[in-house]
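# Overview (structure and organization)
Listed here are the chains, written in short residue letters.
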Amino acid sequence: MFTVVYVVNQNSNPLMPCRPSKARKLLRDGRARVVNRSPFTIQLLWNCEEHVQEVVVGIDKGSHVTGLSCVGKGEILLSGEIHHRLDLKEKMDGRRAHRQSRRRRKWYRPARFQNRANSLRCGRLSPSIKTNVEEVIRVFQHIPLPISAIVIEDVQVDIARLNDPTLKGSRYQDPTRLDENLRIACLMRDDYMCQHCGKRSVRLEAHHIIFRENGGKDTLSNLLTLCERCHHHLHQGKITLKVTGTHGHLDQIAQRTMQGKSYLYATLGAQTSLSTIFGYQTATLRKARGLPKEHDVDALCIATYQTGEQIPYHQEYFYQISFRPRRTRRQYHDLPRIGQGRVKYQVNEELAGFRKGDIVRVKGHFVKQINSIYSNGYLAFKRVKGEPFQARPRDCQLLERGQTILWEKSVIKRYESL
């Protein structure tokens, strides 16, 4: 395993990554220049032939964290976790509350909730859902690799197979084990809660109401969610269940389809080839390979499910991806101050040519990112033991202007695939 350097052509089209030794020679000879430090990317200064290999991207879309894995040349070329912004709804609720407060005091315009064409049009996405999807699209557009295909995880279960597990086979399905599609559907229907003791944060299992030896079938109506302890005690005869029947499972599961995925599919599908798989298929492959439950692991299984390629799992090129707003829209503090009334909200956006988010070299040694600018003339950084957390502008050298997408390289865990 070796470290890779990502390469883009003179026209900014991504090429296959190269070794660090080759990148050093290109930079030394003036045939390339650095265009991004994280992930580290160089740009060729001549028009190179764009002969590239296939790179497949697996995306495990989530509401809080989205897994990402780029597979090519028989290995993982880039992987990561996209941590979505969770403060959008809170900020919008705060702005709405301030508007209502001003309206009650007759400071502002009258209410106009029903006369906005955008809120009434068909197919409208709420701002929080649309922002969540667009963050995935923005990250995809910044991946420095020649993407040839995208595979995205669709809904967790295949509703058509709930009462007929033989409808579509699974390459890695163990015939002695309950179909993964049914097990996940059972847990989802019961809200991931043991139906006997009511516990959630425990290992949950799908129990056959009518035992298999008594002719019970592998159907959703014959399954019930129990924790491992209650399931064990039930088969020992220590407890007895009072089953009154299942409820609305098909509608409940169908409603769990994540909103905004149609917009995601349409946008990414217009750029390159796109396909989808079900969540139970991802879980089946991950368990068959003995891999841990991580977002980037699921993305790896999604990318390789259709081909069956055995890609060794590692986190050598793993990134934590987050987002930083460029500036705040707040103009005043929430509450007035005694004797001052409404106080204007001060935002220090620039100091001596430095801005929030800029990458700087501090005192010729430490590479830091500016988190905030203090009013006393200091630049503030993330607190790391043994490194400076603030510095004067004269002690800093600008390396790269701040971006709204933050790529932080980190290796969390190391596993060996079975």
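The rules behind these values
- Residues numbered from 1 in each chain as written.
- Predicted model: local features only at pLDDT ≥ 70, side-chain atom pairs only at ≥ 80, totals over all residues.
- Heavy atoms only, no water.
- Helix = DSSP H or I, 4+ residues; strand = E, 2+ residues; numbered from the N terminus.
- Buried < 20%, exposed > 50% of the residue type's maximum accessible area, 1.4 Å probe, protein only.
- Contact = heavy atoms within 4.5 Å.
- Areas by Shrake-Rupley, 256 points an atom, 1.4 Å probe, with all protein chains shown as cover.
- Pairing = 2+ DSSP bridges.
- Axes fitted to C-alpha atoms, helices over the stretch in contact; angles between N-to-C directions.
- Parallel < 35°, antiparallel > 145°, perpendicular 65-115°, else oblique.
- Left-handed = near helix turned anticlockwise from the far one by under 90°.
- Nonpolar A, V, L, I, M, F, W, Y, C, P; charged D, E, K, R; others polar.
- Phe/Tyr/Trp six-rings, centres within 6.5 Å; stacked < 30°, edge-to-face > 60°.
- Lys NZ or Arg CZ within 6 Å of the ring centre and 35° of its normal.
- Salt bridge = Lys/Arg side-chain N within 4 Å of Asp/Glu carboxyl O.
- pLDDT = per-residue confidence, 0-100.

Scanning the chain from N- to C-terminus turns up 10 helices and 20 strands. Across the 418 residues of the chain, 41% fall into the buried class. For the chain, the proportion of contacts with a sequence separation of at least 24, taken over those separated by at least 6, is 62%. Of the roughly 24,200 Å² of accessible surface on the chain, a fraction of 49% belongs to carbon and sulfur atoms.

Read from one edge to the other, the open sheet built from 4 strands follows the order 2-1-4-3, with strand pairing classed as mixed. Since the sheet does not close on itself, it has two edges, and those belong to strand 2 (14-18) and strand 3 (32-37), each with one partner. Across the sheet, the axes of successive neighbouring strands diverge by a mean angle of 30°, strand direction being ignored. Note that strand 3 and strand 4 (residues 40-44) share 5 bridges and pair antiparallel.

In this section: the side chain of Arg286. Among the secondary structure elements, Arg286 is positioned in helix 9 (residues 279-289). Look at Arg286 and you get buried, because its relative accessible area is 9%. Beyond its immediate chain neighbours, meaning those up to four positions away, Arg286 contacts Leu291, Pro292, Lys293, Val297, Asp298 and Cys301.

Moving on to the packing of helix 4 (residues 127-141) against helix 8 (residues 261-269). Relative to each other, helix 4 and helix 8 sit at 25°, their axes nearing to 10 Å. Judged by the angle between their axes, helix 4 and helix 8 are roughly parallel. Two packed elements cross with a definite hand, and for helix 4 against helix 8 that hand is right-handed. Every residue of helix 8 that contacts helix 4 at Lys130, Val133, Glu134, Val136, Ile137 and Phe140 is listed here: Tyr263, Leu264, Thr267 and Leu268. For the contact of helix 4 with helix 8, the class distribution of residues is 7 nonpolar, 1 polar and 2 charged.

Glancing now at the packing of aromatic side chains. The tally for this structure, following the rule as stated, stands at 2 aromatic pairs. Consider the rings of Phe278 and Tyr280, whose centres lie 6.0 Å apart with planes at 20°: the pair is stacked. Each member of the pair Phe278 and Tyr280 is classed as buried. Geometrically, the ring pair formed by Tyr319 and Trp407 is edge-to-face, given 5.8 Å between the ring centres and 80° between the ring planes. One end of the pair, Tyr319, is in strand 12 (residues 318-323); the other, Trp407, is in strand 20 (residues 405-409), and 88 residues separate them in sequence. It is Arg31 that lies over the ring of Trp46; its NZ or CZ is 4.4 Å from the centre.

Right, let's get into the sheet that holds strand 11 (residues 273-277). The strand order 11-8-5-6-7-12-20 describes an open sheet built from 7 strands, whose pairing is mixed. Bordering the open sheet on either side are strand 11 and strand 20, each of which pairs with just one other strand. Here the strands of the sheet are splayed against their neighbours by 20° on average, with no regard to which way each runs. Helix 4 rests against strand 5 (55-60), strand 6 (65-72), strand 7 (75-83), strand 8 (149-153), strand 12 and strand 20 of the sheet, and its axis sits at about 130° to strand 12.

Turning our attention to the pattern of salt bridges. Where charged atoms from two side chains of opposite charge approach closely, those side chains can pair. Tallied over the full model, the rule gives 14 salt bridges. Asp29 is paired through a salt bridge with Arg28; the nearest N and O atoms lie 3.2 Å apart. Judged by relative accessible area, which is 46%, Asp29 ranks as partly exposed. Between Asp191 and Arg200 there is a salt bridge, and its shortest N-O distance comes to 3.1 Å.

Attention now moves to the environment of Tyr305. Along the polypeptide, Tyr305 turns up in the loop between helix 10 (295-304) and strand 12. Its relative accessible area of 11% is what places Tyr305 among the buried residues. Along the primary structure Tyr305 and Thr282 are separated by 23 residues, whereas in three dimensions their C-alpha atoms are 7.4 Å apart.

So, about unusual backbone geometry. Going from Ser38 to Pro39, the amide bond is cis rather than trans, its omega being -5°. Residue placement: Pro39 occurs in the loop between strand 3 and strand 4. Although it is not a glycine, Lys73 sits at a positive phi angle of roughly 55°. Secondary-structure assignment places Lys73 in the loop between strand 6 and strand 7. Although it is not a glycine, Lys363 sits at a positive phi angle of roughly 55°. Tracing the chain through its elements places Lys363 in the loop between strand 15 (359-362) and strand 16 (366-373). Classification of Lys363 by relative accessible area gives exposed; the value is 59%.

Let's shift gears to the pairing of strand 5. Looking down a regular strand, the side chains alternate between one sheet face and the other. The element strand 5 is extensively covered by neighbouring structure, given that 6 of its 6 residues are classed as buried. A two-sided burial pattern is seen for strand 5, the buried positions comprising Val55, Val57 and Ile59 on one face and Val56, Gly58 and Asp60 on the other. Relative to strand 6, strand 5 runs antiparallel, the two sharing 6 bridges. In the strand pairing of strand 6, Gly58 is matched with Ser69. Remark: 4 residues form the turn of the hairpin made by strand 5 and strand 6, two consecutive strands paired antiparallel. Bridge analysis of strand 5 against strand 8 gives 4 bridges, and the strand direction is parallel.

Glancing now at the confidence of the model for the chain. On average, residues of the chain score 82 in pLDDT, and 82% of them reach the 70 mark or higher. By mean pLDDT, the top-scoring element of the chain is strand 1 (residues 5-8) (95), and the lowest-scoring one is helix 7 (residues 249-254) (44). A low-confidence stretch, residues 168-176 stays under pLDDT 50, and its non-local contacts, those more than four residues away or across chains, total 20 contacts. Between residues 248-257, whose pLDDT stays under 50, and residues either more than four places distant or in other chains, the model counts 17 contacts.

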